[in-house]
Amino acid sequence: MNFPILSSLILLPIVGALFLFFTKDKEGNNLTAKYVALFTTVVNFLISIYLWISFDQSTSSFQFVEDRTWIEGFINYKVGVDGISILFIILTTFITPLCIISVNNSVKNRLRDFLIAILIMESFMIGVFCALDLVVFYLFFEAGLIPMFLIIGIWGGSRRVYSAFKFFLYTLLGSVLMLVAIISIYWITGTTDVVQLYEIGIDVKYQNLLWLAFFSSFAVKTPMWPVHTWLPDAHVEAPTAGSVLLAAILLKMAGYGFIRFSLGLFPIASEVFTPLIYTLSVIAIIFTSLIALMQEDMKKLIAYSSVAHMGFVTLGIFTLQQQGIEGSIIQMISHGLVSAALFLTVGVVYDRMHSRLISTYGGLVSVIPKYSILFMLFALASLGLPGTSGFIGEFLILMGAFKDNFLVAVIASIGVILGAAYMLWLYKRVVFGKLINEDLKKILDLNRSEYFILSCLAAPILFFGFYPDPLINTIEVSVTDLINMHNSNIASK
Amino acid sequence: MENLNLILPEIFISLSIMFLLILGVYKNDSSKITFNLSLFAILITTIITFNETFSVTKETLFNESVVIDSMSSLMKIITLIGGFLVLVISSTYLKTFKIYNIEYPVLILSSILGMMVMISSNDLIVFYMGLELQSLALYVLATYNRDQLKSSEAGLKYFVLSALSSGLLLYGCSLVYGFSGSTNFDIISNQLNSEEYFLTFGIVFILVGLAFKISAVPFHMWAPDVYEGSPTTVTLFFAIVPKIAALTVFIRFLYVPFLNLIDQWQMIIIFLSIASMVFGAVAAIGQTNIKRLIAYSSIGHIGYTLAGLVTASNDGIQSSIIYISIYVVMNLALFSCLLMLRRKDQYYEDIEDLSGLSKNHPLLSLCLLVILFSLAGIPPLAGFFAKFYVFKAVLEQSMYFLAIVGLLSTVVAAFYYLRIIKIMYFDKEKDKYDTDHSLWLKFSLTVSTILILLYFIFPSQLIEVVSRINII
């Protein structure tokens, strides 16, 4: 039991990256490099599955905890998982190998460096989800900026420099205030250990300011309206694999942070600021859905839909209801799968036509039927059709919201309709209609690896759509406990 | 009888200087041997310093005018190691410009001697003597490439402005002496109390003089020009070694003679710190020359170092010393990269010259990437921890404004570091640079980059060494 399984999850991708780094960079080596990266990430995925199997669902305390002295008398390197974080770790280890398979044609030069960046990114992302010390969390949270900056900047599209800078500076600006808050917490309570902080609690008079400092970081990362503008830029310019990582996992760091830190550490401030979150979430849902309707660019449309979906997530988290929070977590997992799939589907046609504009396409169904079917599945999952994982999340969130605030729930429900509108309209314009563009007639349907990736994503979307129990069982106890802790904190105020 | 062993390093280094001068005068073509001997001398001095003084907690000599304590010995060792590395990686550069002469190592040795005296000073006169010794050597070093207009200009500028600041400093010292009746730091400390208004003038003058030496805003004007004009190896020396000594003196002044006047100087240092952090970040954005950019970035870094000093706590002082140590390593690495930008006896120092470096020189640009992200303070690199410790100390005193301004200016500063990375990684490549660098240059780059990269694995060691320093 004492085997440091979480640390090995974090370290393994780095070992793979080092291995790649020390192999010679030749043209012929590209395939080998890809296999090495793939092997590493698949092994990591298997370890995380083992983690899930041996995870004890009946307790909410942290498991697989490792606690090592790191800076004497100050910070401990402490990692561990509970029901909430384990799902995100599995999401990370699941999406990364798919990303690596998908980098066929999109990344032409310096494939080896690209794989190294993705591997390092993976290890930082896993680190974020299992860190149980605020400083360790911050370290992983911020360190992820470096590989992502390079992924967007080196392998991105035409406006990549602008997007990479915007991404980096926006996120950094949000995060520095969190650093101030973390150090302040240390001086207020004498520890940065999350588990201890849950027990001690933080004095009410500091909570509001600290909450705002954390909020500034998470709001940028989520992203919430009005600081979401980096996301469409970053998504559009990043290579497909980068967009997938960004949408599927990076955005979830903030949602996870809201649950783990904002709710857990500052229960009273969370109560105080719920109206703020509701307002911003509802604006994000309605406003960005409307913007998404107007987009000409497919990637941009999906990026705005991500903002809207994350609006649902933040809404669900701050309902502070069992259903709301569970819904948010499932929505995050589902959105991780669906948005990854959507970006990959866009990537597929982009590789063939080198255009992301919706107007380039039309009538694809008669040329590439397999693609169209899978695209339909993902579009429907994105708009939350029953039977897909998207439905479970949105439904639970709205249920929680109706319990807490009727008006907000009603407005958010309008967002569901808008979501259906822009997704279906996108699908209609791209797949149906007349085949006008002559070039489209020559393109080929999904090749084997694309088919494999998209099926891999389609399977869990459908599976969890019909049978969400594995997810719910995993998170149930942890969420219940979180809410109990929250309520007892409020009561004792 | 005084225990002269404690100042054996200073004695040894002065004797070496004299010997090297004589050797240089009497032997033809002695540049190479002087270089090697001076390296050897620094090495031995380092060892002596370590052996004789490292375990000393606090001893004073010569009527308490010289103090040997854990801070002075640590700072001396950092100074000596810095000086050693500067000297060892300079030779190729100097040979290229045909200024590989005996004066160079001798001047570096004498300025190091001056700094060591400064670091150990516990008396206004001893302090001033050390300061002038190092300054005079630095003036000459700045003009060392005298056939180049820019180098002469840099030296002259540095001389005029520095002499002015020394004047201010001396005036401040005389005021302090006038009010306290002594030049000894400890006696001054006992005599001074915050009642006397004119004393504040004395402190302000001294602080202005010191702020000039570490190029804190608004006394930074000399730095960009001098950094740009001086030969690159001298710039490297300017950027790291005198800063260590000046910071030590700063700490000594603030926390020994002026400890009781904390209300008077705290606002001044906060102002200097904030101004340096903000100005350093903003002014660097428009630069096109790497050396000028480094000048502005070092102004910013000095701001962070000062932020640690404001706190009036041992934690704060220690965090400043950690900051300056990590800063030394980062700058050493950065300049090693700069010295590698060479194509057939021609050195390049514009940011544009880095364009597309990652395609031709992947390893060099990877090192530079690590260094720049570290300078920007992105975790998990060493630069982040440096800032982290400083802000931890600052927040302990609940100075939220200082911390928030400081951290926001790191975001601004990140912009110009990112710009260099963008040019290296996202832009079109240019011609290749030469790769036949001296072994020492490669060594210093590799070691310092590895230190920066892997610092996070063993962060406690540095803290442990520094935690022996308890001034207050």
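Residues numbered from 1 in each chain as written. Chains lettered and ligands numbered in written order. Predicted model: local features only at pLDDT ≥ 70, side-chain atom pairs only at ≥ 80, totals over all residues.

Caption draft 1: A look at the overall build of chain A. Summing up its helical and strand segments, chain A has 19 helices and 2 strands in all. Pairs at least 24 apart in sequence give 79% of the contacts found in chain A among residues at least 6 apart. (Helix = DSSP H or I, 4+ residues; strand = E, 2+ residues; numbered from the N terminus. Contact = placed C-beta atoms within 7 Å.)

Caption draft 2: Up close: the interface of chain A and chain B. On the chain B side, the residues contacting the 25 residues of chain A number 23 residues. For the side of chain A that touches chain B, the elements supplying multiple residues, two or more each, are strand E1 (63-71), helix H5 (134-143), helix H6 (145-155) and helix H7 (160-189) of chain A. Counting residues per element, the side of chain A that touches chain B draws most heavily on H7(A), at 13 residues. Grouping the amino acids of the side of chain A that touches chain B by side-chain chemistry returns 20 nonpolar, 2 polar and 3 charged. (Nonpolar A, V, L, I, M, F, W, Y, C, P; charged D, E, K, R; others polar.)

Caption draft 3: Highlighting the confidence of the model for chain A. Of the residues in chain A, 97% reach a pLDDT of 70 or more, and the chain-wide mean stands at 86. By mean pLDDT, the top-scoring element of chain A is H5(A) (91), and the lowest-scoring one is E1(A) (83). (pLDDT = per-residue confidence, 0-100.)

Caption draft 4: Broad picture of the domain arrangement of chain B. Residue and element names in this part refer to chain B. Taken as a whole, chain B is organised into domain 1 (1-253) and domain 2 (258-472). Between the C-alpha centres of domain 1 and domain 2 the distance comes to 22 Å. Contact with domain 1, which involves 42 residues of that partner, is made by 47 residues of domain 2. Within the residue set of the side of domain 1 that touches domain 2, elements represented by two or more residues are helix H3 (70-96), helix H8 (197-213), helix H9 (222-229) and helix H10 (232-255). Take the side of domain 1 that touches domain 2: its biggest share by element is 12 residues, from H3. Of the residues in the side of domain 1 that touches domain 2, the class split is 27 nonpolar, 13 polar and 2 charged. (Domains from an automatic or database assignment.)

Caption draft 5: Region of interest: the packing of H8(B) against helix H11 (residues 262-283) of chain B. Residue and element names in this part refer to chain B. Where H8 contacts H11, the axes come no closer than 10 Å and their chain directions differ by 25 degrees. Comparing their axes, H11 and H8 come out roughly parallel. Note on packing geometry: the crossing formed by H8 with H11 is right-handed. Taken together, the residues of H11 that come into contact with H8 (itself represented by Thr200, Ile203, Val204, Leu207 and Ala211) are Gln264, Trp265, Ile268 and Leu272. (Axes fitted to C-alpha atoms, helices over the stretch in contact; angles between N-to-C directions. Parallel < 35°, antiparallel > 145°, perpendicular 65-115°, else oblique. Left-handed = near helix turned anticlockwise from the far one by under 90°.)

Caption draft 6: Structural view of the environment of A:Glu122. Structurally, A:Glu122 is set in helix H4 (residues 111-130). Excluding residues that lie within four positions of it along the chain, A:Glu122 makes contacts with A:Pro13, A:Thr41, A:Thr92 and A:Thr96.

Caption draft 7: A look at the confidence of the model for chain B. Put simply, chain B has an average pLDDT of 88, and 99% of its residues get 70 or more. Predicted complex metrics record ipTM = 0.90 and pTM = 0.92.

Caption draft 8: Summary view of helix H15 (residues 362-376) of chain B. Residue and element names in this part refer to chain B. The end-to-end C-alpha distance of H15 is 21 Å, a good match for the 21 Å that 15 residues give at a rise of 1.5 Å each. Most of H15 sits out of view: 12 of its 15 residues are buried. The complete set of buried residues in H15 reads Leu364, Ser365, Cys367, Leu368, Leu369, Val370, Ile371, Leu372, Phe373, Ser374, Leu375 and Ala376. Taken from the residues just after H15, Gly377 is the one with a positive phi, measuring 80 degrees. (Expected span 1.5 Å × (residues − 1). Buried ≥ 20, exposed ≤ 12 C-beta atoms within 10 Å, placed from the backbone.)

Caption draft 9: Looking closely at the pairing of E1(A). All names here are of chain A. Pairing geometry for E1 and strand E2 (residues 75-81), over 6 bridges, is antiparallel. Bridging across to E2, Asp67 finds its partner in Lys78. What sits between the antiparallel neighbours E1 and E2 is a turn of 3 residues, in which Gly73 has the positive phi angle 65 degrees. (Pairing = 2+ DSSP bridges.)

Caption draft 10: Here's a closer look at unusual backbone geometry. All names here are of chain B. Cis geometry is found at the peptide bond from Val217 to Pro218, where omega equals 5 degrees. Note the cis peptide between Pro379 and Pro380, where omega equals 5 degrees. Turning to its location among the elements, Pro380 is positioned in the loop between H15 and helix H16 (382-396). A positive phi is found at Asn63, a non-glycine position, where the angle reads about 55 degrees. Within the secondary structure layout, Asn63 lies in the loop between strand E1 (58-61) and strand E2 (66-69).

Caption draft 11: Geometry of the packing of helix H1 (residues 8-26) of chain B against helix H2 (residues 31-53) of chain B. Residues and elements named next belong to chain B. Relative orientation of the contacting elements H1 and H2 amounts to 170 degrees, with a least axis distance of 9 Å. With respect to each other, H1 and H2 are oriented roughly antiparallel. Residues Leu8, Pro9, Phe12, Ile13, Ser16, Leu20, Leu23 and Gly24 of H1 pack against Thr34, Leu37, Ser38, Ala41, Ile44, Thr45, Ile48, Thr49 and Glu52 of H2. For the contact of H1 with H2, the per-class residue count stands at 10 nonpolar, 6 polar and 1 charged.

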